[in-house]
Amino acid sequence: MRLLELAGRTTVITGAAHGMGAEIARLLAHEGAHLALIDHDAEALSSLAAELDDTVVTTHLVDLRDDDAVFAASASISAAHPHINALITCAGSSMLGDIEQLTMEEMRWLVDVNLWGTVSITKALLPALKRAPDAHITHLASVYALAAPAGRIPYSMSKFAVRGFSEALRHELQGSSVTVGAVYPAGVRTGIILHGRYAAAIDPAVAARAAGAQAAMYHTDPIDAAARIVTATRRRRARTMVGRQARLIDLLTRASPTGYWRVMRGPLREAIDTTTPMG
């Protein structure tokens, strides 16, 4: 398979204002790509665009839960960028809490953001991507699309679904000019867990302690993760692990599909305990 040419062509990035999305934008700008950046944070999006003032870049303020807004933004992007050949979906949030603490509304909100936002932007941009001689879609799943920890039901549920969507879409598009891949990051220091949501039933101090305990386990630099994701997009890879933890968990879940939690639960003890403050 030929490498995807990114310089001089447009990559669309969701969740572009923060974390891995912003680092991917910076890296691609340095390589001469054109960019269409999507986020719901107007101030951060504007700041990033100003930083990339030497790049052909458009910004699009979109709530990915709003299908009409997503399709309208996609039409605007297609009009502004005639040569779109890559989509990288980084938008997402996290949610702490166990099934008894979480409400149905809280869980639906996270699935709307992580799953349906990914599906809607992909569907909306697919016609433009198909017009390119070669194009690639990179969906950010998560290591929690491989292993499902306690206390993270809505997050893992949404990311397992992103994984399934990516694989089914890859199969549907076989024989076309568009390829599809999923990326499975773990331990990337983006702040997603610290700035994510938690069940309203949880004591905020307990939620902060649990989030901090998990964040302390993250060791992969977002810039390194961004480089891996750009490489995966250029090489049109179907499956990419990001971070040493992701590779280990991938091996663990393959070796013990139903027993991996016995190994994982010890190191994650504080991070999954959303009921008891630690003294």
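As shown above, the structure is provided for reference.
Everything numeric here is computed off the predicted structure, so don't read it as measured data.

## Looking at the packing of aromatic side chains
Piece 1. Applying the stated criterion to the full structure yields one aromatic pair.
Piece 2. Here the aromatic rings of Tyr144 and Tyr155 are separated by 6.3 Å at their centres, their planes lie at 85°, and the arrangement is edge-to-face. Residue Tyr144 is located in the loop between strand E6 (135-140) and helix H5 (153-172), and its partner Tyr155 is located in helix H5; the two are separated by eleven residues in the primary sequence.
Piece 3. Residue classification places Tyr144 among the buried residues on the basis of a relative accessible area of 9%.
Piece 4. Relative accessible area serves as the criterion here: at 11%, Tyr155 is assigned to the buried category.

## Concerning the pairing of strand E7 (residues 178-185)
Piece 1. Of all eight residues that make up E7, eight are buried, and the element is covered over most of its length.
Piece 2. Along E7, one buried face is formed by Val178, Val180, Ala182 and Tyr184 and the opposite face, lined by Thr179, Gly181, Val183 and Pro185, is buried too.
Piece 3. Pairing between E6 and E7: six bridges, direction parallel. Bridging from a neighbouring strand, Ala135 pairs with Val178 of E7.
Piece 4. At this point the chain moves from E6, through H5, to the parallel E7, and the crossover so formed is right-handed.
Piece 5. Note: E7 against strand E9 (residues 239-242), four bridges, orientation parallel. Its bridge partner being in E9, Ala182 is matched across the sheet by Arg239.

## What about the environment of His81?
Piece 1. Among the structural elements, His81 can be located in the loop between helix H3 (67-80) and strand E4 (84-89).
Piece 2. Within polar-contact distance, the side chain of His81 engages the side chain of Thr10 at 3.1 Å.

Rules and cut-offs
Residues numbered from 1 in each chain as written. Predicted model: local features only at pLDDT ≥ 70, side-chain atom pairs only at ≥ 80, totals over all residues. Heavy atoms only, no water. Phe/Tyr/Trp six-rings, centres within 6.5 Å; stacked < 30°, edge-to-face > 60°. Helix = DSSP H or I, 4+ residues; strand = E, 2+ residues; numbered from the N terminus. Buried < 20%, exposed > 50% of the residue type's maximum accessible area, 1.4 Å probe, protein only. Pairing = 2+ DSSP bridges. Right-handed = clockwise from strand over helix to strand, strands pointing away. Polar contact = N/O pair within 3.5 Å; in protein donor to acceptor, adjacent residues only side chain to side chain.

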